[in-house]
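Secondary and tertiary structure notes
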Amino acid sequence: MNESMQETMKTVVITGHGGNEVVEVRQGERPRRRPGEALVRLEAGTLNQVDLYMRNSGAGITHELPLVMGLDGAGVVEEVEEGETRLAAGQRVVVFPNLTCGQCEFCQRGDDVLCTRMKLMGEHVDGTFAQWLSVPVENLFPMPAHLDFVQAAALGVNYLTAWRMLFTRAQLKPWETVLVFGVGGGVSLAAMQLAASIGARVIVTSREDEKLQRALTLGAHEAINGRSEEVARRVMALTDGRGVDVVVENVGEAVWASAMKSLVRGGRLVTCGATSGDQPPADLKRLFIRQLQIIGSTSGNAAEFRELLAYVERHRIIPVIDSVYPLEAIHEALERLESGSRMGKVGLEMGH
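Conventions adopted
- Residues numbered from 1 in each chain as written.
- Predicted model: local features only at pLDDT ≥ 70, side-chain atom pairs only at ≥ 80, totals over all residues.
- Heavy atoms only, no water.
- Helix = DSSP H or I, 4+ residues; strand = E, 2+ residues; numbered from the N terminus.
- Contact = heavy atoms within 4.5 Å.
- Buried < 20%, exposed > 50% of the residue type's maximum accessible area, 1.4 Å probe, protein only.
- Arc of directions from axis to C-beta.
- Pairing = 2+ DSSP bridges.
- Right-handed = clockwise from strand over helix to strand, strands pointing away.
- pLDDT = per-residue confidence, 0-100.
- Phe/Tyr/Trp six-rings, centres within 6.5 Å; stacked < 30°, edge-to-face > 60°.
- Axes fitted to C-alpha atoms, helices over the stretch in contact; angles between N-to-C directions.
- Polar contact = N/O pair within 3.5 Å; in protein donor to acceptor, adjacent residues only side chain to side chain.
- Parallel < 35°, antiparallel > 145°, perpendicular 65-115°, else oblique.
- Left-handed = near helix turned anticlockwise from the far one by under 90°.

**Observations concerning the environment of Gln-108**
- Mapping Gln-108 onto the fold places it in helix H3 (residues 105-108).
- Along the backbone, Gln-108 and Trp-256 are 148 residues apart, and their C-alpha atoms lie at a distance of 35 Å.
- Once residues within four sequence positions are removed from consideration, Gln-108 is found in contact with Gly-102 and Gln-103.

**What about helix H9 (residues 253-261)?**
- Every buried residue of H9 is listed here: Val-255, Trp-256, Ala-259 and Met-260. Each buried residue of H9 sits inside an arc of 140 degrees when the element is viewed along its axis, so together they form one side.

**Observations regarding the pairing of strand E15 (residues 263-271)**
- Within E15, 7 of the 9 residues are buried, which leaves it mostly tucked inside the rest of the structure.
- Here strand E14 (residues 244-249) runs beside E15; their pairing, made up of 5 bridges, is parallel. Bridge pairing links Val-248 to Val-270 in E15.
- On the question of chirality, the crossover connecting E14 to the parallel E15 by way of H9 is right-handed.
- Of the strand pairs in this sheet, E15 and strand E16 (residues 293-296) are connected by 4 bridges, and their pairing is parallel.

**A few points about the confidence of the model for the protein**
- The pLDDT averaged across the protein works out to 93; a share of 98% of its residues lies at or above 70.
- Low pLDDT, under 50, characterises residues 1-5; the stretch is placed with 1 contact to residues that sit more than four places away or in other chains.

**A few points about the packing of aromatic side chains**
- This structure, assessed with the given rule, holds 5 aromatic pairs.
- On the numbers, 4.8 Å between centres and 70 degrees between planes, the contact of Trp-163 with Phe-167 is edge-to-face. Of the two residues, Trp-163 and Phe-167 both sit in helix H5 (residues 158-169), 4 residues apart, roughly one turn of that helix.
- The class for Trp-163 is buried, based on a relative accessible area of 8%.
- Taken together, Phe-96, Phe-141 and Phe-305 form an aromatic cluster joined through their ring pairs.

**Quick notes on the sheet that holds strand E11 (residues 177-180)**
- Spatial strand order, E13-E12-E11-E14-E15-E16: 6 strands in an open sheet with parallel pairing. The two strands at the open ends of the sheet, each matched to only one other strand, are strand E13 (222-225) and E16. With direction set aside, neighbouring strand axes in the sheet form an average angle of 20 degrees.
- Across the face of the sheet, helix H8 (residues 231-238) comes into contact with E11, strand E12 (201-206), E13, E14 and E15 while running at roughly 155 degrees to E13.
- The strands touched by H9 are E14, E15 and E16; relative to E15, the strand with the most contacts, the crossing angle is about 145 degrees.

**A closer look at the environment of Tyr-159**
- Mapped onto the elements of the fold, Tyr-159 is located in helix H5.
- The exposure class assigned to Tyr-159 is buried, which follows from its relative accessible area of 2%.
- Setting aside anything within four residues of it in sequence, one finds Tyr-159 in contact with Ala-154, Ala-190, Gln-193, Leu-194, Leu-308, Ile-318, Pro-319 and Val-320.
- Reaching out from Tyr-159, the side chain makes a polar contact with the side chain of Gln-193 at a distance of 2.3 Å.

**Here we look at the packing of helix H2 (residues 49-56) against helix H12 (residues 330-338)**
- Where H2 meets H12, the closest approach of the two axes is 10 Å, and the angle between their N-to-C directions is 115 degrees. One finds that H2 runs roughly perpendicular with respect to H12. Crossing of H2 over H12 shows left-handed handedness. Contacts from Gln-49, Asp-51, Leu-52, Arg-55 and Asn-56 in H2 reach Leu-334, Leu-337 and Glu-338 in H12.

Below, the structure is given as C-alpha cells:
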C-alpha cells in the first residue's frame, strides 16, 4: 500500500441518536501515532449492546458527535515508538477499550475498572470500527495464537465482563453450580463457556429451544426453557432442592424473582445489566434470611484482561461467533445484533 493510499480510512460513525439513519460509513483521516501509542491496522471488531444504546440514545454517556463507534477490536501493530519493548511492528493484538487516568484512588490500588475518569472507546471517545487506530500501548495485548481476528476481538468486552463476574466478583469454584440466564447473548455465552471450562456445573436458560440445544453442545450441562418452564422450580428439581451457588444475569427485572429463588442459602447473584428494567423487587426478607449476596459487576481491569487472554490460549477457548459482516454492512450487522434470533457475537471485518 503506498503512502497516498494510507492517508484515509473507512470508519463507522454516529451523527445523532434515534435509529439506523444516524449511523454512516465515512471516509476519515488515518490517525497519526502519538507519543506512548501504537498505530494498529484493525482487521475486525465485534458489536455489543452498547453500540445499539449509543445509536438509539446515548443518554448519560458524555460524548461529542460525530463519534466513531465500537469497543471491540483486533488487528496488527503497524508502528510503535522507538525503544518500545512491550509490542513490535507486525504483532497481532487485541484492544482493551478502557482508557483510565492512572491517578485516582482506584487506579492507584490496581482496580482501574472503577476509575473515576475512565473513558471507553466507542462511548466517550472514538472507537474501534475503523481501519486504523492509534492507542496507548497499555491498551493493546497479544492475541491468543489459535484465534482469528473476529474471535479475538470478541474477548474485549463480553468475555472480560464474564471473567470478572465469575472469578473476581462471584469467586466461582470448580465444584459449584452456576445458573446463567439468557444464553443467546454475548456475556451469557462467555460465562457459560468459562464456567464449564473450570469444571463447574452450568445450567442455562433461554426462551428458545434451538439456543438451548446449541448451548448443550457448547458445554452447558442442563438447559431450561424460560418460556415454557418455571425457572426456579426447574432449578430446584435439577439440584435436589438445594439451589445453585452462583447466578449470572444481565436481564434484570424480568428474571430477578426467579434468580433469587434459584440460589442456595448463602448463594451469590452477580449482575452486569438490566435490559428488561432496573427496578426489580428487592425481596429483602429472602436476602437476609438466606444470607444471599447481590454483586454488581461490569467490564474488567487490565490485569484481568491479561489473565483472561492467557487462560483462553491455554485452554483453547473459542468465542462463539454468530455472523460476520463487512464494515460497509454495519446497518445489517446492527439489525442482526438487535434480533432475538442471534446466538453469539456479531463480527465486523474492516476490509483493507
